[in-house]
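# Tertiary structure, described
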Amino acid sequence: MKFLRKLILSAFFISTLSLVGTSANAACKARLGDFDWSSANIHTAISAFILEKGYGCKVTVTKGSTTPIMAAHYDGQLDVITEVWYDNIVANYEPHVAAGTIKNIGVNTPDSQQAFYVDKTTADKYNLKSVEDMKDPKIAALFKDPENPSKGRMTSCISGWTCYTVNLVKQKEYGLDALYTNFDPGSGGALDAAIAGAFAKKKPIFTYYWAPTGLMGKVDLVRLTEPKWSKKCWDDMSAVVEKIKAEGPEAYTKSCASEYRDMALTKSVLTKWAAAHPAETKFLSQYSIPTATVNKMLAFYEDESDGDMELTAKEYLKNESAWTKWVPADVAKKVKAAL
């Protein structure tokens, strides 16, 4: 099992970026885990800049999908995760909290959303308001999957993201799996492109999506209602999700499904790292950016930075003042000097 975990990690890690400044303090080493979507990248970039320039840390950033990055965090290979979608990984996350190896250090972004959506034009034309409305073969035909024309396509999460498996289970529980594929677009960028492309071509799209994102301010999607979230239902479903992730789709057993809960995104650290780095942990605990500001930074990243995440982090640090309250005055002075 240990060998398999290491193999998974090596197969899925996208890249490791070293952010080492000349002022790096050897006593402070911070290994940040990052993901393959933009909101997480922004938080990681801002945190890394402050840790390096303000605290003199030697910072490394490792990017990948949810499963390998969180596995590395649980294994003690990554010290800090700046954006945790807690509800999606609760079944795996909580046992490590209970064991005392990691800890939640508070809210990163106070409001996030995940849901199934349909473009507004199609939703209005066919009066599509809930997942139940999608269970008509004539409706499914509107979203025909070009790779499997006998079914409609629901553009889903990336297979390395836990939400891909959550959506797989949801489709089965809702009875949508007979009518729609759970299509993996391959990357967060490809998911955005599929949605933006459908709007550009004025074609129907049925998709999973989330906020905060820059794209949400550019397209008009209608959120489909689902059964109301409940802890018991979500916990039962999460157990099945984790079983499928470990053993494959054939491990599915009937459980329950509900809407994603709108939730605050959080941050996580290794308990040992937090004990050894109290000042840095205090900064990370106080780090929190409103959803509207995250959306603004995502729009800057997509439209003005030419895909440069460090430039986006600097844009935030230059033009916002909230971050100066997260750190002591001497740290803020060093960060400003580095800008």
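Given the structure is predicted, the values throughout are model-derived calculations rather than measurements.

A separate point is the nonpolar core. Within the largest apolar cluster, 98 residues are counted, with the highest numbers of intra-cluster contacts made by I50, M134, Y180 and F206. The dominant element in this core, judged by the number of residues it contributes, is helix α2 (residues 38-55), at nine residues. Beyond its immediate stretch of four places on either side in the chain, I50 contacts Y55, F283, L317, W323, W326, V327 and V335.

Turning our attention to the state of the cysteines. All told, the structure shown has three disulfides when counted by the stated rule. The side chain of C28 participates in a disulfide bridge whose partner is C57; the two sulfur atoms lie 1.8 Å from each other. Here the disulfide of C28 and C57 is right-handed, its torsion about the S-S bond being about 75 degrees. Pair noted here: C28 is in strand β2 (residues 25-35) and C57 is in strand β3 (residues 57-64), with a separation of 29 residues, a long-range link. Residue C57 is classed as buried on the basis of its relative accessible area, which comes to 0%. Between the sulfur of C157 and that of C163 lies a disulfide, 2.1 Å long from S to S. Judged by the torsion about the S-S bond (-120 degrees), the C157/C163 disulfide is left-handed. Indicated for the protein chain is the disulfide connectivity 1-2, 3-4, 5-6, based on numbering the bonded cysteines in sequence order.

Attention now moves to the environment of D184. On the secondary structure map, D184 appears in the loop between β8 (180-183) and α8 (188-200). Note: C-alpha distance between D184 and Y164 (20 residues apart in sequence) is 7.7 Å. For D184, the contacting residues outside a window of four places in its chain are C157, I158, S159 and Y164. Within polar-contact distance, the side chain of D184 engages the backbone nitrogen of G186 at 2.8 Å.

As enumerated under the stated definition, the model contains 18 salt bridges in all. Between R31 and D79 there is a salt bridge, with the nearest N and O atoms lying 2.8 Å from each other. Separated by 48 residues along the polypeptide, R31 in strand β2 and D79 in the loop between α3 (66-74) and β4 (80-84) bring together distant segments of the chain. A relative accessible area of 31% means that R31 is categorised as partly exposed. Residue D79 is classed as buried on the basis of its relative accessible area of 3%. Note that E310 and K314 form a salt bridge whose closest N and O atoms lie 3.8 Å from each other. Note that E310 and K314 are positioned in helix α13 (residues 309-319) at a spacing of four residues, about one turn of the helix. Here K314 falls in the partly exposed class, since its relative accessible area comes to 24%. Through salt bridges with shared partners, one network takes in D145, E147 and R153.

Predicted confidence across the protein chain gives a mean pLDDT of 91, with 92% of residues reaching 70 or more. Segment residues 1-24 is flagged for pLDDT under 50; beyond a separation of four residues in sequence, or across chains, it makes 40 contacts in the model.

For strand β11 (residues 263-270), a buried count of seven out of eight residues is recorded, marking the element as mostly surrounded by other parts of the structure. Two elements, strand β5 (residues 102-119) and β11, share six bridges in a ladder whose sense is antiparallel. Bridged to K103 within β11 is V269.

Counting across every chain of the model gives 17 aromatic pairs. Through successive ring pairs, a cluster of aromatic residues spans F35, W37, W161, Y208, Y209, W210, W234 and Y260. When the ring centre of W229 is taken as origin, the NZ or CZ atom of R261, which lies over that ring, is 4.2 Å away.

The next subject is unusual backbone geometry. In the segment running from A211 into P212, the intervening peptide bond is cis, with an omega of 15 degrees. Relative to the helices and strands, P212 is located in the loop between β9 (206-211) and β10 (221-223). The phi angle at N127 is positive, at roughly 55 degrees, despite the residue not being glycine. Inspection of the secondary structure puts N127 in the loop between α5 (120-126) and α6 (137-142).

Looking now at the packing of α2 against helix α14 (residues 329-338). At a minimum axis separation of 8 Å, α2 and α14 run at an interaxial angle of 105 degrees. Accordingly, the angle class assigned to the pair α2 and α14 is roughly perpendicular. The residues of α14 that touch α2, namely those facing F49, I50, K53, G54 and Y55, are V331, K334, V335 and A338.

About the thresholds
- Residues numbered from 1 in each chain as written.
- Predicted model: local features only at pLDDT ≥ 70, side-chain atom pairs only at ≥ 80, totals over all residues.
- Heavy atoms only, no water.
- Core = buried A, V, L, I, M, F, W, Y, C linked by side-chain atoms within 4.5 Å.
- Buried < 20%, exposed > 50% of the residue type's maximum accessible area, 1.4 Å probe, protein only.
- Helix = DSSP H or I, 4+ residues; strand = E, 2+ residues; numbered from the N terminus.
- Contact = heavy atoms within 4.5 Å.
- Disulfide = S-S within 2.5 Å.
- Polar contact = N/O pair within 3.5 Å; in protein donor to acceptor, adjacent residues only side chain to side chain.
- Salt bridge = Lys/Arg side-chain N within 4 Å of Asp/Glu carboxyl O.
- pLDDT = per-residue confidence, 0-100.
- Pairing = 2+ DSSP bridges.
- Phe/Tyr/Trp six-rings, centres within 6.5 Å; stacked < 30°, edge-to-face > 60°.
- Lys NZ or Arg CZ within 6 Å of the ring centre and 35° of its normal.
- Axes fitted to C-alpha atoms, helices over the stretch in contact; angles between N-to-C directions.
- Parallel < 35°, antiparallel > 145°, perpendicular 65-115°, else oblique.

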